[in-house]
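As a plain string of letters, each chain reads:
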Amino acid sequence: MAYETILVERHERVGLIRLNRPQALNALNSVLIGELNTVLDAFEADRGIGCMVLTGSEKAFAAGADIKQMQDYSYPETYLDDFITSWERLSRARKPIIAAVAGFALGGGCELAMSCDFILAADTAKFGQPEIKLGVMPGAGGTQRLTRFVGKSKAMEMCLTGRMMDAAEAERVGLVSRVVPAADLVAEALKVAKTIADMSLPVAMQTKESVNRAYETTLAEGIRFERRVFQSQFAFADQKEGMTAFIEKRAPKFQR
Ligand code: CAA
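Residues numbered from 1 in each chain as written. Predicted model: local features only at pLDDT ≥ 70, side-chain atom pairs only at ≥ 80, totals over all residues. Heavy atoms only, no water.

Considerations on helix 4 (residues 108–115)
Turning to step 1, where the next piece is worked out: Among the eight residues of helix 4, eight are classified as buried, and the element is accordingly described as predominantly covered.
Turning to step 2, where the next piece is worked out: Of the residues making up helix 4, those classed as buried are G108, G109, C110, E111, L112, A113, M114 and S115. (Buried < 20%, exposed > 50% of the residue type's maximum accessible area, 1.4 Å probe, protein only. Helix = DSSP H or I, 4+ residues; strand = E, 2+ residues; numbered from the N terminus.)

A closer look at the environment of A204
Turning to step 1, where the next piece is worked out: As for its placement among the helices and strands, A204 is situated in helix 9 (residues 201–213).
Turning to step 2, where the next piece is worked out: Using a relative accessible area of 14% as the deciding quantity, one classes A204 as buried.

Points about the nonpolar core
Looking at soluble globular proteins, one finds that nonpolar side chains tend to be buried together.
Turning to step 1, where the next piece is worked out: The biggest cluster of nonpolar side chains holds 44 residues, and the ones touching the most others in it are L54, F61, V101, I119, F127 and L175.
Turning to step 2, where the next piece is worked out: Here this core gets six residues from one element, more than from any other, and that element is helix 1 (residues 30–45).
Turning to step 3, where the next piece is worked out: Excluding its chain neighbours within four sequence positions, the residues that come into contact with I119 are A99, V101, A113, M114, F127, L175, V176, S177 and R178.
Turning to step 4, where the next piece is worked out: Grouped together as the second largest cluster of nonpolar side chains are 16 residues, C51, A122, V180 and A197 included. (Core = buried A, V, L, I, M, F, W, Y, C linked by side-chain atoms within 4.5 Å. Contact = heavy atoms within 4.5 Å.)

Things to note about unusual backbone geometry
Turning to step 1, where the next piece is worked out: Phi is positive for E12, which is not a glycine, with a value near 55 degrees.
Turning to step 2, where the next piece is worked out: Topologically, E12 is positioned in the loop between strand 1 (6–11) and strand 2 (14–19).
Turning to step 3, where the next piece is worked out: Judged by its relative accessible area of 64%, E12 falls in the exposed class.
Turning to step 4, where the next piece is worked out: Notably, K249 is not glycine yet its phi reads approximately 55 degrees, a positive angle.
Turning to step 5, where the next piece is worked out: Examined against the element boundaries, K249 turns out to sit in the segment after helix 11 (237–247).
Turning to step 6, where the next piece is worked out: Accessibility expressed as a relative area gives 78% for K249, which makes it exposed.

With respect to the site of the ligand
Turning to step 1, where the next piece is worked out: Neighbouring the ligand are 24 residues, the closest being A65, I67, G108, E111 and E131.
Turning to step 2, where the next piece is worked out: The backbone of A63 places a nitrogen or oxygen atom 2.9 Å from a nitrogen atom of the ligand.
Turning to step 3, where the next piece is worked out: Between a nitrogen atom of the ligand and a main-chain N or O atom of I67, the distance comes to 2.9 Å.
Turning to step 4, where the next piece is worked out: Relative to its free-state accessible area of 980 Å², the ligand is covered by the protein chains to the extent of 66%. (Near = heavy atom within 4 Å. Polar contact = N/O pair within 3.5 Å; in protein donor to acceptor, adjacent residues only side chain to side chain. Areas by Shrake-Rupley, 256 points an atom, 1.4 Å probe, with all protein chains shown as cover.)

As for the sheet that holds strand 8 (residues 126–128)
Turning to step 1, where the next piece is worked out: Read from one edge to the other, the open sheet built from four strands follows the order 4-6-8-9, with strand pairing classed as mixed. Two strands in the sheet have a free side with no partner beyond their single neighbour: strand 4 (60–62) and strand 9 (165–166).
Turning to step 2, where the next piece is worked out: Examined bridge by bridge, strand 4 and strand 6 (residues 104–106) share two bridges and lie parallel to one another. Counterpart to A62 in the pairing with strand 6 is A105.
Turning to step 3, where the next piece is worked out: In the packing of helix 4 onto the sheet, contacts are made with strand 4, strand 6 and strand 8, and the angle to strand 6 comes to roughly 95 degrees. (Pairing = 2+ DSSP bridges. Axes fitted to C-alpha atoms, helices over the stretch in contact; angles between N-to-C directions.)

Things to note about the layout of surface pockets
The gaps of empty space that remain are located by a probe, the size of a water molecule, rolled over the atoms.
Turning to step 1, where the next piece is worked out: Within this model, the largest pocket holds a volume of roughly 1,000 Å³.
Turning to step 2, where the next piece is worked out: Forming the walls of the largest pocket are 35 residues, and the residues nearest its centre are S91, D117, K208, V211 and N212.
Turning to step 3, where the next piece is worked out: Contributing elements (two or more residues each) for the lining of the largest pocket: helix 4, strand 7 (118–122), helix 5 (142–150) and helix 9.
Turning to step 4, where the next piece is worked out: Tallying contributions element by element places helix 9 first for the lining of the largest pocket, with eleven residues.
Turning to step 5, where the next piece is worked out: The residue makeup of the lining of the largest pocket, split by class, is 17 nonpolar, nine polar and nine charged.
Turning to step 6, where the next piece is worked out: In this structure, the lining of the largest pocket is formed jointly by two domains, domain 1 (6–197) and domain 2 (200–248), each of which donates at least three residues. (1 Å grid on protein atoms, 1.4 Å probe; cavity = no way out; pocket = protein on both sides within 12 Å on 5 of 7 lines; lining within 4 Å. Points joined across faces, edges and corners; volume = space filled by probe spheres on them. Nonpolar A, V, L, I, M, F, W, Y, C, P; charged D, E, K, R; others polar. Domains from an automatic or database assignment.)

Overview of the side chain of Q239
Turning to step 1, where the next piece is worked out: Assignment of secondary structure puts Q239 in helix 11.
Turning to step 2, where the next piece is worked out: Polar side-chain contacts of Q239 include one of 2.4 Å to the side chain of K240.
Turning to step 3, where the next piece is worked out: In this structure Q239 touches Q233 and F234, once residues within four positions along its chain are discounted.

Listed below in structure tokens is the structure:
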């Protein structure tokens, strides 16, 4: 299926989604979010996909929500249509999804990257929440997710001044998992995604769910949740296969 604002590829068990509005630095308009959500639904329903990668272009992952679309919005429209709600599909994905960020990841672009499970950054990546310069504040999770990633002091400074953070700083403060040369970004993201996609799919999904639980609950509740899920994994054939393969000194063949 052809899309107007994204490009979609399959690399064996990895689904690759490229944001593709080059004339607007991949600014996130309602068409793009709708198309992204359609592809997420399709990849999630497809047993042949074990992991996804979301990326942009060399110049921009995404330069934020589309300011030209938002400029004339009224309060009743933003309240009644609640357009940001449709952006939440990504954070509800059950399968692992990696953000591969080169260039600008600003405003909603930074928020979209943070809604993925982790961020691989090119050395050209620049992150920021510049909404305050437009007379608004982050509206797609930026004040909450950035604070959880980098702590209060850094998040407060970023959101109040709108300054950008380069890739080295983003790695130092834990916003991104790793920085790679820009030319290698997509290949590296696909390689990492393949590693994940080759694991047991239900176990990878449950691992994602458990790590995310750490952001939603107390330590004691999170540990209890982890214990129950761990115990339940002994019902999967993949547990027998993984442990038997280790003992037999061979690669496991997970069922998925
Ligand atoms: N929305 C709409 N169009 C955008 C855009 C955006 N967020 N960001 C860039 N563009 C457009 C520009 O208007 C320009 O279009 P024209 O050629 O038609 O003028 C084109 O993309 C190229 O942009 P620039 O000429 O500005 O490129 P640059 O290299 O000089 O600057 C930039 C790059 C620093 C990223 C600059 O474009 C910029 O500051 N963009 C806006 C960033 C921003 O404020 N993002 C937050 C948006 S609000 C938000 O996201 C709310 C939320 O939390 C949900």
